[in-house]
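Commentary on secondary and tertiary structure
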Amino acid sequence: MTALARPTDGRMIGGVCAALARRFGTSATTMRVIFLLSCLLPGPQFLAYIALWILLPSEDQARTAW
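The paragraphs below set out a description of the structure included in this document. All figures in this text were calculated on a predicted structure; none of them were measured in a lab.

Looking at the pattern of salt bridges
Considering all chains together, one arrives at two salt bridges under this definition. Note that aspartate 9 is salt-bridged to arginine 22, the shortest N-O span being 3.0 Å. Placement of aspartate 9 in the segment before helix 1 (16-24) and of arginine 22 in helix 1 is noted, with a sequence separation of 13 residues between them. Take arginine 22: its relative accessible area is 39%, and that puts it in the partly exposed class.

Encoded structure:
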(Lines give C-alpha, C1' and ligand atoms only; values in the text may rest on other atoms or scores of the structure.)
Protein backbone atom coordinates (compact mmCIF):
# COMPACT_ATOMS: atom_id res chain seq x y z
CA MET A 1 0.00 0.00 0.00
CA THR A 2 1.17 3.50 -0.75
CA ALA A 3 1.04 6.59 1.42
CA LEU A 4 -2.28 8.38 1.53
CA ALA A 5 -1.81 11.61 -0.43
CA ARG A 6 -3.96 13.29 -3.07
CA PRO A 7 -2.29 12.77 -6.48
CA THR A 8 -1.58 15.68 -8.78
CA ASP A 9 -2.79 13.73 -11.81
CA GLY A 10 -6.07 11.84 -12.20
CA ARG A 11 -8.10 14.23 -10.07
CA MET A 12 -11.74 14.97 -10.77
CA ILE A 13 -12.56 17.37 -7.95
CA GLY A 14 -10.21 17.14 -4.99
CA GLY A 15 -8.35 13.92 -5.66
CA VAL A 16 -9.75 12.12 -2.62
CA CYS A 17 -11.17 9.16 -4.54
CA ALA A 18 -7.97 8.89 -6.58
CA ALA A 19 -5.92 8.87 -3.37
CA LEU A 20 -8.10 6.18 -1.80
CA ALA A 21 -7.96 4.13 -5.00
CA ARG A 22 -4.16 4.23 -5.05
CA ARG A 23 -4.04 3.33 -1.36
CA PHE A 24 -6.28 0.28 -1.73
CA GLY A 25 -5.10 -0.80 -5.20
CA THR A 26 -8.29 -0.19 -7.18
CA SER A 27 -9.11 2.11 -10.05
CA ALA A 28 -10.23 5.66 -9.40
CA THR A 29 -13.42 5.01 -11.36
CA THR A 30 -14.32 2.13 -9.04
CA MET A 31 -13.74 4.30 -5.99
CA ARG A 32 -15.87 7.09 -7.47
CA VAL A 33 -18.72 4.68 -8.16
CA ILE A 34 -18.49 3.34 -4.60
CA PHE A 35 -18.63 6.91 -3.27
CA LEU A 36 -21.64 7.78 -5.44
CA LEU A 37 -23.47 4.63 -4.36
CA SER A 38 -22.68 5.39 -0.72
CA CYS A 39 -24.40 8.74 -1.16
CA LEU A 40 -27.68 6.84 -1.50
CA LEU A 41 -27.28 5.71 2.11
CA PRO A 42 -27.91 8.05 5.02
CA GLY A 43 -24.77 9.51 6.52
CA PRO A 44 -22.20 12.27 6.27
CA GLN A 45 -20.47 11.15 3.05
CA PHE A 46 -20.05 14.67 1.67
CA LEU A 47 -18.66 15.92 4.98
CA ALA A 48 -16.20 13.02 5.05
CA TYR A 49 -15.11 13.84 1.49
CA ILE A 50 -14.57 17.51 2.38
CA ALA A 51 -12.71 16.56 5.57
CA LEU A 52 -10.39 14.22 3.63
CA TRP A 53 -9.88 16.92 1.00
CA ILE A 54 -8.70 19.29 3.72
CA LEU A 55 -6.72 16.77 5.79
CA LEU A 56 -4.95 14.75 3.09
CA PRO A 57 -1.82 16.44 1.81
CA SER A 58 -1.29 16.94 -1.89
CA GLU A 59 1.29 14.64 -3.46
CA ASP A 60 3.63 17.61 -3.93
CA GLN A 61 3.41 18.56 -0.26
CA ALA A 62 3.87 14.97 0.87
CA ARG A 63 7.09 14.66 -1.17
CA THR A 64 8.62 17.78 0.34
CA ALA A 65 7.63 16.75 3.88
CA TRP A 66 9.67 13.54 3.68
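Notes on the packing of aromatic side chains
The tally for this structure, following the rule as stated, stands at three aromatic pairs. A centroid spacing of 5.9 Å and a plane angle of 85° characterise the contact between phenylalanine 35 and phenylalanine 46, whose relative ring orientation is edge-to-face. Highlighted residues: phenylalanine 35 in helix 2 (residues 28-38) and phenylalanine 46 in helix 3 (residues 45-55), separated in sequence by 11 residues. Ring geometry for phenylalanine 35 and tyrosine 49: centres 5.4 Å apart, planes at 40°, overall tilted. With phenylalanine 35 in helix 2 and tyrosine 49 in helix 3, this residue pair connects regions lying 14 residues apart in the sequence. The two residues phenylalanine 35 and tyrosine 49 agree in class, both being buried. Ring-pair connections join several aromatic residues into one group, and the members of that group are Phe35, Phe46, Tyr49 and Trp53.

What counts and how
Residues numbered from 1 in each chain as written. Predicted model: local features only at pLDDT ≥ 70, side-chain atom pairs only at ≥ 80, totals over all residues. Heavy atoms only, no water. Salt bridge = Lys/Arg side-chain N within 4 Å of Asp/Glu carboxyl O. Helix = DSSP H or I, 4+ residues; strand = E, 2+ residues; numbered from the N terminus. Buried < 20%, exposed > 50% of the residue type's maximum accessible area, 1.4 Å probe, protein only. Phe/Tyr/Trp six-rings, centres within 6.5 Å; stacked < 30°, edge-to-face > 60°.

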